[in-house]
Amino acid sequence: MPAYNEAENLPVVLADVTRQLAELTERWELIVVDDGSRDNTAQVMLPFLVQPGVRYLRLSRNFGKEAALTAGIDHAEGDVVLLMDADGQHPVTLLPRMLDAWAQGADMVCAARSSRADESWAKRAGTWLFYRLVNANPSVQIPVDAGDFRLMDRNVVDALKALPERNRFMKGLYAWVGFKTEIIDYLPSERMAGQSSFSLRALARLAFTGVTAFSNLPLRLWSAVGMFVALGALGFAAWIIVEHFVHGHDVPGWATLVTGMMLFSGVQLMSIGILGEYVGRIFDEVKQRPVYVIGASAGKGALTPRTDRTA
């Protein structure tokens, strides 16, 4: 459970989740990953750390939700691992159904929103465009409207832990590892308190990361744009020649020249920018910095630690 400035929501959410887990099994643990919160999340966690079952990991700074999810996955000990948010929007009543689907053979059970009517038109349009772009790669198809609320078998968890990349786009990684997946529709609950830390700008940045991490479409798109611009330039040059030698018209002057230069310069700069995004991600990968750094940890789970756990 990644948490960033969720001190108002955690007491209620943790009470509900721990109660539901205790009804499902005697052996469970709940890992709260504090992604560098600036509120009193650490103090709110203290009452829940008295008894075994709840663990608290505090990252040394705010690394982002993808890194916090990675930290939780790396430290999870269970045969089944469930990911859910700390804002109360993921209903705990769905856990028995997800666990039952796993017991019937599904390796991964993900919850997908059945409606986005509560979102703005801009966010709905952006979401639609994102899934169309990222799923242009036929080899990796990300389930539409399926977020991080999902249950995973240990085999899936071990496969995710084996992926070394630093630019983490978890929705894409879930799809890339494969395995038998079952999708359950749900409607998210209202956020209990506070506001989401994901702004439209942050969502756009995450979407761009997803598109560039799992698709070469931007590169191919601008290759196609370059080809059409070149063909258009050749066609325009042929038209000028015909106008001059057949009709005797003067060659257009500075306006045409400057417009063409500005067009080509803009296309080139945009192409270089997209290429630079891919090169920048290569640079991040070759530095091999850790995805996250644990600043502090507390609590004790009710599961036996695995000998193959990696930090």
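Let me begin by describing the structure that accompanies this report. What you see is a predicted model; the values in this text were computed from it and never measured. (Residues numbered from 1 in each chain as written. Predicted model: local features only at pLDDT ≥ 70, side-chain atom pairs only at ≥ 80, totals over all residues. Heavy atoms only, no water.)

## Re the sheet that holds strand S2 (residues 30-34)
1) Next: Overall, mixed pairing links the four strands, which are arranged S1-S2-S3-S8 in an open sheet. Lying at the two open borders of the sheet, with one neighbouring strand each, are strand S1 (2-3) and strand S8 (294-299).
2) Next: By the bridge criterion, two bridges tie S1 to S2 in an arrangement that is parallel. What sits directly across from Ala-3, in S2, is Asp-34.
3) Next: In the packing of helix H1 (residues 10-24) onto the sheet, the strands contacted are S1, S2 and strand S3 (54-59), and the crossing angle to S2 comes to about 155°. (Pairing = 2+ DSSP bridges. Helix = DSSP H or I, 4+ residues; strand = E, 2+ residues; numbered from the N terminus. Contact = heavy atoms within 4.5 Å. Axes fitted to C-alpha atoms, helices over the stretch in contact; angles between N-to-C directions.)

## Focus on the side chain of Asp-87
1) Next: Within the secondary structure layout, Asp-87 lies in the loop between strand S4 (80-83) and helix H4 (95-103).
2) Next: A relative accessible area of 6% places Asp-87 in the buried class. (Buried < 20%, exposed > 50% of the residue type's maximum accessible area, 1.4 Å probe, protein only.)

## Brief notes about the packing of aromatic side chains
1) Next: Enumeration over the complete set of coordinates arrives at one aromatic pair.
2) Next: The interplanar angle of 75° and the centroid separation of 5.7 Å between the aromatic rings of Phe-149 and Tyr-186 together place this pair among those described as edge-to-face. Highlighted residues: Phe-149 in strand S6 (residues 146-153) and Tyr-186 in strand S7 (residues 181-186), separated in sequence by 37 residues. Tyr-186 shares its class with Phe-149; the two are buried.
3) Next: Directly above the ring of Phe-63 sits Arg-61, whose terminal nitrogen or CZ lies 3.9 Å from the centroid. (Phe/Tyr/Trp six-rings, centres within 6.5 Å; stacked < 30°, edge-to-face > 60°. Lys NZ or Arg CZ within 6 Å of the ring centre and 35° of its normal.)

## Brief notes about helix H3 (residues 65-75)
1) Next: Among the eleven residues of H3, ten are classified as buried, and the element is accordingly described as predominantly covered.
2) Next: Taken as a whole, H3 has its buried residues at Glu-66, Ala-67, Ala-68, Leu-69, Thr-70, Ala-71, Gly-72, Ile-73, Asp-74 and His-75.

## A few points about the pairing of S3
1) Next: Burial analysis of S3 places five of its six residues in the buried class, the great majority of the element.
2) Next: Alignment of S2 against S3, held across five bridges, turns out to be parallel. Looking at S3, one finds that Ile-31 is bridged to Arg-55.
3) Next: Pairing of S3 with S8, which is carried by five bridges, proceeds in the antiparallel orientation. Among the inter-strand pairings, Tyr-56 is bridged to a residue of S8, identified as Ala-298.

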